[in-house]
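# Examination of the molecular architecture
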Amino acid sequence: MGSLTLGADDSMESDRRDALTGLVDAVQAKAKIARWLSDWPADAGACPLHAMLVAVGRIETVNLAYGADTGDSALAEIAQRISHFAADEFESVPWFAARVAGSTFLLVARESCSRERWQWFAEALADVVSMPIVSPEVGGGTVRLWPRIALMRTAEGDDPDRILDQLAMALQSARQEHGRRVAWVTGKLAHVSVSNQQLEADMLAAIDRDEIEIVFQPQFEMADDTLIGAEALARWQHPQIGRLGANTLFTLAERTDHVAQLSRHIAERALALAAGWPKKVKLSLNVTPADLAAATFPIEFLSLLRRSGFPPDRLTIEITEQVLLADLEEVTRALNPLKAAGVSIALDDFGAGYSNFRYLKILPLDILKLDRSMVEGISEDSRDLAVLRAITAMARALNLRVVAEGVEHEEQREALAAEGVEYYQGFLRSVPLDHPAFQALLETD
Ligand code: C2E
Ligand code: CA
Ligand code: CA
């Protein structure tokens, strides 16, 4: 499950997991917090824990309207979104996600980040959680669940019960205040930059001042570990708040309607940097559903690509399954001109959520990127391996190349290689690198 990744805390407690979501349960969550608190050196000040309680409303309504199966798969999907988001955002910080009650989730990170960062993270997570959930039970229709989130930073003397009680109380008071989505345990919202106006100004300034950093995660050939390309990933180094991950950055950009500007900026920068790479090295760029939805996207993107001088046949764009909620024909219309120009199209995060195989036939795809939640269990779990086998067989039948991502352990790499997966990326070989470090890697390759 997505909660066990490099940064995630995976030490030894007996493995009590919630059957529905694969997350740990309330008892385990308290045990983990207790251990973090007691392991923290006494002379190092208070243990820097940040916690949030995420409660989704309306689940009973969904159960009543569509049946308990729909409610259950919606909760499983939300658990997956929370884990995925946290795994991306925390990188090497220890964290875990738990389901502590029916539709209430707990997320804890051992990190001394600013209150603002924690709050922005919560706001972005709330956006992700409330995106429509495709539900097989409602005939491929969607359900939506809106979360409320309580936040806290632990203080000296906190214990697990007290932490959960305080969060529950804050959630309760948020419920009583109409329209309040995120509340702090202290009752006060962090005041810096929470307004959309401030955020918007910050974001535009960040683009102008080049505070948006682009890192490159190398991709390798499975057979012989040849470096074949890199995926560009954005980071925001905010002067006051600190480093914000790409997910937070993009959900906040979406909220302030600046996705197009941000995407253009990243594409221009990444293409300019990649122009100097050796000819055999490819570049992958992520494209959001909001980008694709703009009618002018293909024309603008192609003219930007032309201006950059980067060869289209060395470029891949990655789209996520989230675009599939939109009109498939429209998405195909947006992608076809890019494909005709020689750009490869990859379907990202495949297997992370509700994956409808029909999409693979309809969309003009070249590459399937296996989500890291698919990769995680393959060396231990025979069912995970069976799913992988089915997917690679289907990819082969459809003439799609397969890239595995989130490969962290040698055993995973071996299992993927045995199934004929051709390419991979992941912490096993390299974390995302800043451009000078990536160039250094190119030189040694
Ligand atoms: P993604 O496209 O699935 O990117 C892979 C994410 O997994 C990256 O997080 C990367 O740092 C992380 N990752 C790579 N290898 C490993 C591994 O072995 N283990 C684990 N646990 N994680 C690994 P990042 O950079 O935070 O990006 C998160 C998401 O934000 C991306 O998911 C992508 O959807 C989006 N994103 C990032 N940069 C951009 C961008 O420039 N434009 C757009 N539109 N979206 C972006
Ligand atoms: Ca991607
Ligand atoms: Ca991905």
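It should be emphasised that the depicted structure is a prediction, and the values quoted were computed from it without experimental measurement.

## Regarding the overall build of the chain
For the chain, the helix and strand inventory stands at 16 helices and 16 strands. Relative to the compact-globule value of 22 Å for 445 residues, the chain shows a C-alpha radius of gyration of 22 Å, a close match. Its C-alpha atoms give the chain principal-axis dimensions of roughly 60 × 50 × 45 Å. Within the chain, the proportion of its 445 residues that are buried is 53%. A separation threshold of at least 6 residues defines the contact pool for the chain, and within that pool the share at least 24 residues apart is 69%. Of the roughly 19,000 Å² of accessible surface on the chain, a fraction of 52% belongs to carbon and sulfur atoms. Of the side chains in the chain, 43 bear a positive and 65 a negative charge, and the two mean positions are spaced by 3 Å.

## Some remarks on the packing of aromatic side chains
Summed over all chains, the structure comprises 12 aromatic pairs. An angle of 5° between the planes, with centres 5.6 Å apart, marks the rings of Trp118 and Phe121 as stacked. Here Trp118 and its partner Phe121 are both found in helix α4 (residues 115-129), 3 residues apart, which amounts to about one turn of the helix. Pair check on accessibility: Trp118 and Phe121 agree, each one buried. Ring centres of Phe216 and Trp277 lie 5.3 Å apart, and the angle between their planes is 80°; on these two criteria the pair is classed as edge-to-face. Here the residue Phe216 occupies a position in strand β8 (residues 212-221), and Trp277 occupies one in the loop between α8 (259-274) and β11 (282-286), the gap between them amounting to 61 residues. Classification of Trp277 by relative accessible area gives buried; the value is 4%.

## Observations concerning the pattern of salt bridges
It is possible for side chains bearing opposite charge to pair when their charged atoms get close. With the rule as written, the count across this model stands at 23 salt bridges. A salt bridge links Glu410 to Arg413, with the shortest nitrogen-to-oxygen separation between them at 3.2 Å. On the criterion of helical spacing, the pair formed by Glu410 and Arg413 is a turn pair, its members being 3 residues apart in helix α15 (residues 410-418). Take Arg413: its relative accessible area is 14%, and that puts it in the buried class. Residues joined in a network through salt bridges with shared partners are Asp225, Glu410, Arg413 and Arg429.

About the cut-offs
Residues numbered from 1 in each chain as written. Chains lettered and ligands numbered in written order. Predicted model: local features only at pLDDT ≥ 70, side-chain atom pairs only at ≥ 80, totals over all residues. Heavy atoms only, no water. Helix = DSSP H or I, 4+ residues; strand = E, 2+ residues; numbered from the N terminus. Rg over C-alpha atoms; globule rule 2.2 N^0.38 Å. Buried < 20%, exposed > 50% of the residue type's maximum accessible area, 1.4 Å probe, protein only. Contact = heavy atoms within 4.5 Å. Areas by Shrake-Rupley, 256 points an atom, 1.4 Å probe, with all protein chains shown as cover. Lys, Arg positive; Asp, Glu negative; His and termini not counted. Charge placed at Lys NZ, Arg CZ, Asp CG, Glu CD. Phe/Tyr/Trp six-rings, centres within 6.5 Å; stacked < 30°, edge-to-face > 60°. Salt bridge = Lys/Arg side-chain N within 4 Å of Asp/Glu carboxyl O.

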